[in-house]
Amino acid sequence: MKHPKAFWFVSTAPYSNNRKVLDNEQYKDWHPPIPELLQKTPSEDILHTPIMNINLPAKNWIAPEARVVLLGDAAHAVPPNLAAGGMSALLDSVQLASSLSKLWNHSQIGLDSASLKLALEEYVSIRKAPVRRIQKCSWLIAQMGQLRSPVLCQLRDRLIPFMGTRRLRDAVFTRLHRWYLGWDYTVPDLKTGLYPRLMPKSIWEDMPQVLQHFHSATPGTDQVITHECRGVANVGRDSSLIGYVAAKLAGFPPAIAQAEVTVQTHVNSKDGSELWDRTFTDVESGQNYKFVSHQRCEEGKLVESTRLDPFGLAQMEFVFDVDPIIKKNDDNDNHEKNNNRSSRIVGFEHKLVKTRVRVLPNLLWNNPLSLAASGPTDSRSQGLLSFGIPEFLCPGLSATTEVTNPDDVMWNFKVHVFAPKIFGHKSLCSYQGQIKSFDKPEILLAKPAR
């Protein structure tokens, strides 16, 4: 095997610049082909590199003039025991971009030194905690690999094989990474919006223009930005007890044959989470019914929370994959014929992955603006406890958002809740209808240009 077909490295303690260190007898009994590989490597091809570590918080990441900031190994070099160094540099850059993006609010905020320094200090304060955990964990693994006590070495070597199946090892590895990232780590919002973060960029850019406009983010600081859409809907509910319970758990209004719908979406500019405040107005009686939910991005999935009781002591959390809806073009679809496309993306659907309950969440359900401002960090990491609902007891839930005509400024929506499998998976409650207009003055609604 020749360069660049094969690479190897050996970690030695203490560090030595002696190229003959690899001739030590300690390597001769290592598992094949390690001894042979070391023996056949020319000494002049061996690189000797000291492993560096920059302890925190000794290093100051920001220059006094706040014009230079460090990231990656320049700020927090760590031993290469977790394959986390390159990842940390990428996370640094994303967080730095997120913090700096708050300096621009429709060009109303300039690059003055005070605001720039605050943005850089925010970047440092957010990134130092996970980097410190990575350093500690990396050194712990290094200590385990360089034990000198024969008794401890035997204990280590016999314990590791008992990790068991690959599934168990992967679970331990995943939890280790989640721990030093901060458990439910989510990439900072870069003013792209909540829904664009849930699917690949190439997919999102092929969405109908009206959905891209509605779900795009508005640049801003840490304020909550509100926009509104209006339409019509009908609400259905099964008359059985389980239908009533399911509607209550999902936050559904009662059955309404003809309703006017107003949806206020409160967007947290800091983290991209959204509070959906829906009002269903019965056209016949004039009665209003509220349905409030909180949406956030968690590990690439959409998490929608609804409260289970009037006081907000517990909440139901639905975890979804968000996938595009793709349809074949009709023969009369001149818009797509001109683009030589046999199919097009008409919207997206929510596919339920799992359901869980969180007790005593830190969400102010009775104050929508405060709830929107609280952001996803509070809602996912705090609370007395959370637990998943077994699949056979978990209600089914599906939702679709679809644009019929690419040139439309309207879209159709449909939400269905189904009984758990043990109850036959029948439809329990639903609402469906059409959004006919929306107010988002920051964005000009344009025809699709393709």
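About the criteria used
Sequence order sets the numbering: in each chain, residues are counted from 1 along the sequence as written. A pLDDT threshold of at least 70 governs which residues receive local features in this predicted model, and a stricter bar of 80 or more applies before side-chain atom pairs are shown or counted, although totals over entire chains, interfaces and linings include all residues. Note that the side-chain values use all heavy atoms of the structure and ignore hydrogens as well as water. Helix and strand definitions follow DSSP, with helices as H or I runs of at least four residues and strands as E runs of at least two, each counted in order from the N terminus. Categorising residues by exposure relies on relative accessible area from a 1.4 Å probe, with only protein chains included: less than 20% of the type maximum marks a residue as buried, more than 50% marks it as exposed, and the intermediate range marks it as partly exposed. Only heavy atoms enter the contact rule, under which two residues are in contact if any of them lie within 4.5 Å. Only the protein chains shown count as cover for residues, and all accessible areas are computed by the Shrake-Rupley method using a 1.4 Å probe. Every case where a carboxyl oxygen of Asp or Glu lies within 4 Å of a side-chain nitrogen of Lys or Arg is listed as a salt bridge. Every residue gets a pLDDT, meaning the predictor's confidence in that residue, from 0 to 100. Only the stretch in contact is used when fitting a helix axis, every axis being a line fitted to C-alpha atoms; angles between N-to-C directions are given from 0 to 180 degrees. Should an angle lie under 35 degrees it is considered roughly parallel, over 145 roughly antiparallel, and from 65 to 115 roughly perpendicular; all remaining angles are considered oblique. By convention the crossing between two helices is left-handed if the near helix lies anticlockwise of the far one by an angle smaller than a right angle, and right-handed if it lies clockwise. Under the scheme applied, nonpolar residues are Ala, Val, Leu, Ile, Met, Phe, Trp, Tyr, Cys and Pro; charged residues are Asp, Glu, Lys and Arg; polar residues are all the others, including Gly. Should DSSP find at least two bridges between two strands, the strands are taken to pair. Expected helix span is computed as 1.5 Å times (number of residues minus one). Given a residue, its bend is the angle between the two axes fitted to the seven residues that end at it and to the seven that start from it. Here the nonpolar core consists of buried residues drawn from Ala, Val, Leu, Ile, Met, Phe, Trp, Tyr and Cys, with membership extended through side-chain atoms lying within 4.5 Å. Each patch is built from salt-bridge-free residues with over 30% relative accessible area, joining like charges within 9 Å and nonpolar side chains (Val, Leu, Ile, Met, Phe, Trp, Tyr) within 5 Å. For Phe, Tyr and Trp, where Trp contributes only its six-membered ring, two rings pair if their centres lie within 6.5 Å, and the inter-plane angle classes them as stacked under 30 degrees, edge-to-face over 60, or tilted in between. Counting as a charge over the ring demands two things of the Lys NZ or Arg CZ atom: a distance within 6 Å of the ring centre and an angle within 35 degrees of the ring normal.

### Notes on the overall build of the chain
So, point 1. Tallying secondary structure elements over the chain gives eleven helices and eleven strands in all.
So, point 2. Burial analysis of the chain (450 residues in total) assigns 39% to the buried set.
So, point 3. Long-range pairs, those at least 24 residues apart, make up 64% of the contacts in the chain with a sequence separation of at least 6.
So, point 4. For the chain, the accessible surface area stands at approximately 25500 Å², while carbon and sulfur atoms represent 57% of it.

### A few points about the pattern of salt bridges
So, point 1. Counted according to the given criterion, the structure contains 15 salt bridges.
So, point 2. A salt bridge links glutamate 298 to arginine 356; its shortest N-O distance comes to 3.1 Å. Of this pair, glutamate 298 sits in strand 4 (residues 288–298) while arginine 356 sits in strand 7 (residues 343–359), and the two are 58 residues apart along the sequence. Per residue, the accessibility class of glutamate 298 equals that of arginine 356, and both read buried.
So, point 3. Note that lysine 301 is salt-bridged to aspartate 321, the shortest N-O span being 2.6 Å. Placement of the pair is lysine 301 in strand 5 (residues 301–307) and aspartate 321 in strand 6 (residues 314–328), with a sequence separation of 20 residues.
So, point 4. The class of lysine 301 is partly exposed, set by a relative accessible area of 26%.
So, point 5. Under the relative-accessibility criterion, aspartate 321 is labelled partly exposed at 27%.

### As for the confidence of the model for the chain
So, point 1. Mean pLDDT over the chain works out to 76, with 71% of the residues at or above the 70 mark.
So, point 2. For the chain, per-element mean pLDDT is lowest for helix 11 (residues 368–381), which scores 49, and highest for strand 9 (residues 396–402), which scores 91.
So, point 3. In the predicted structure, residues 375–381 sits below a pLDDT of 50 and forms 22 contacts with residues beyond four places in sequence or in another chain.

### Here we look at the packing of helix 3 (residues 85–101) against helix 4 (residues 113–145)
So, point 1. Direction vectors running N to C along helix 3 and helix 4 enclose 155 degrees, while the axes themselves pass 9 Å from each other. With respect to helix 4, the axis of helix 3 lies roughly antiparallel. The interaxial crossing formed by helix 3 with helix 4 has right-handed handedness. Across from Met87, Ser88, Leu91, Asp92, Gln95, Leu96, Ser99 and Leu100 in helix 3, the residues of helix 4 making contact are Leu116, Ala119, Leu120, Glu122, Tyr123, Ile126, Arg127 and Ile134.
So, point 2. When grouped by side-chain class, the residues that make up the contact of helix 3 with helix 4 number ten nonpolar, three polar and three charged.

### Quick word on the pairing of strand 10 (residues 411–418)
So, point 1. Across seven bridges, strand 9 lies against strand 10 in antiparallel orientation. Across the sheet, the residue bridging to alanine 399 is valine 415, located in strand 10.
So, point 2. Bridge count between strand 10 and strand 11 (residues 427–439): eight bridges; the pairing is antiparallel. Bridging from a neighbouring strand, valine 417 pairs with cysteine 429 of strand 11.

### As for helix 4
So, point 1. The terminal C-alpha atoms of helix 4 lie 46 Å apart, and with 33 residues this matches the ideal 48 Å at 1.5 Å per residue to within 8%.
So, point 2. Residue lysine 128 marks the point of greatest curvature in helix 4, where the axis turns by about 35 degrees; the proline proline 130 follows within four residues.

### Considering the nonpolar core
The nonpolar side chains of a soluble globular protein tend to be buried, and buried together.
So, point 1. Among the nonpolar cores identified, the biggest contains 44 residues, and Tyr195, Phe280, Phe348, Trp411 and Tyr431 are the most heavily contacted of them.
So, point 2. Not counting the four nearest positions on each side in its chain, phenylalanine 280 is found in contact with Ala233, Val235, Pro253, Ile256, Glu260, Val261, Gln287, Asn288, Tyr289, Phe291 and Tyr431.

### With respect to a nonpolar patch on the surface
So, point 1. A cluster of nonpolar side chains, Phe392, Leu393, Ile422 and Phe423, forms an exposed patch at the surface whose accessible area comes to about 400 Å².
So, point 2. Residue position: isoleucine 422 is located in the loop between strand 10 and strand 11.
So, point 3. Of the residues examined, isoleucine 422 reaches a relative accessible area of 47% and is grouped as partly exposed.

### Quick look at the environment of lysine 436
So, point 1. Structurally, lysine 436 can be placed in strand 11.
So, point 2. It is 7.6 Å that separates the C-alpha atoms of lysine 436 and cysteine 229, two residues lying 207 residues apart in sequence.
So, point 3. With near-sequence residues (within four places) excluded, lysine 436 lies in contact with Arg230, Gly231, Val232, Val409 and Met410.

### Description of the environment of alanine 63
So, point 1. Inspection of the secondary structure assignment puts alanine 63 in the loop between helix 1 (34–39) and helix 2 (73–76).
So, point 2. Once the C-alpha coordinates of alanine 63 and lysine 117 are considered, the two residues, 54 residues apart in sequence, prove to be 9.7 Å apart.

### So, the packing of aromatic side chains
So, point 1. Within the structure shown, the criterion is met by ten aromatic pairs.
So, point 2. Pairing tyrosine 195 with phenylalanine 348 gives two aromatic rings, centres 5.1 Å apart and planes at 35 degrees, and the pair type is tilted. One end of the pair, tyrosine 195, is in the loop between helix 6 (166–181) and helix 7 (201–204); the other, phenylalanine 348, is in strand 7, with 153 residues separating them in the sequence. Exposure class is identical for tyrosine 195 and phenylalanine 348. Each is buried.
So, point 3. Ring-pair connections join several aromatic residues into one group, and the members of that group are Phe214, Trp276, Trp411 and Phe438.
So, point 4. Seen from the ring of tryptophan 61, lysine 128 lies directly overhead, with NZ or CZ sitting 5.7 Å from the centre.

### Here's the deal with the side chain of serine 430
So, point 1. Mapped onto the elements, serine 430 comes out in strand 11.
So, point 2. For serine 430, a relative accessible area of 11% corresponds to the buried category.
So, point 3. Contact partners of serine 430, with chain neighbours within four places excluded, come to Asn234, Val235, Gly236, Phe252, Val415 and His416.

### Description of unusual backbone geometry
So, point 1. The omega torsion across proline 32 and proline 33 is 5 degrees, close enough to zero to call that bond cis.
So, point 2. Summarising the element assignment, proline 33 is placed in the segment before helix 1.

### Examining the environment of phenylalanine 423
So, point 1. Assignment of secondary structure puts phenylalanine 423 in the loop between strand 10 and strand 11.
So, point 2. A relative accessible area of 48% places phenylalanine 423 in the partly exposed class.
So, point 3. In this structure, the C-alpha to C-alpha distance between phenylalanine 423 and leucine 393, residues 30 residues apart in sequence, is 8.8 Å.

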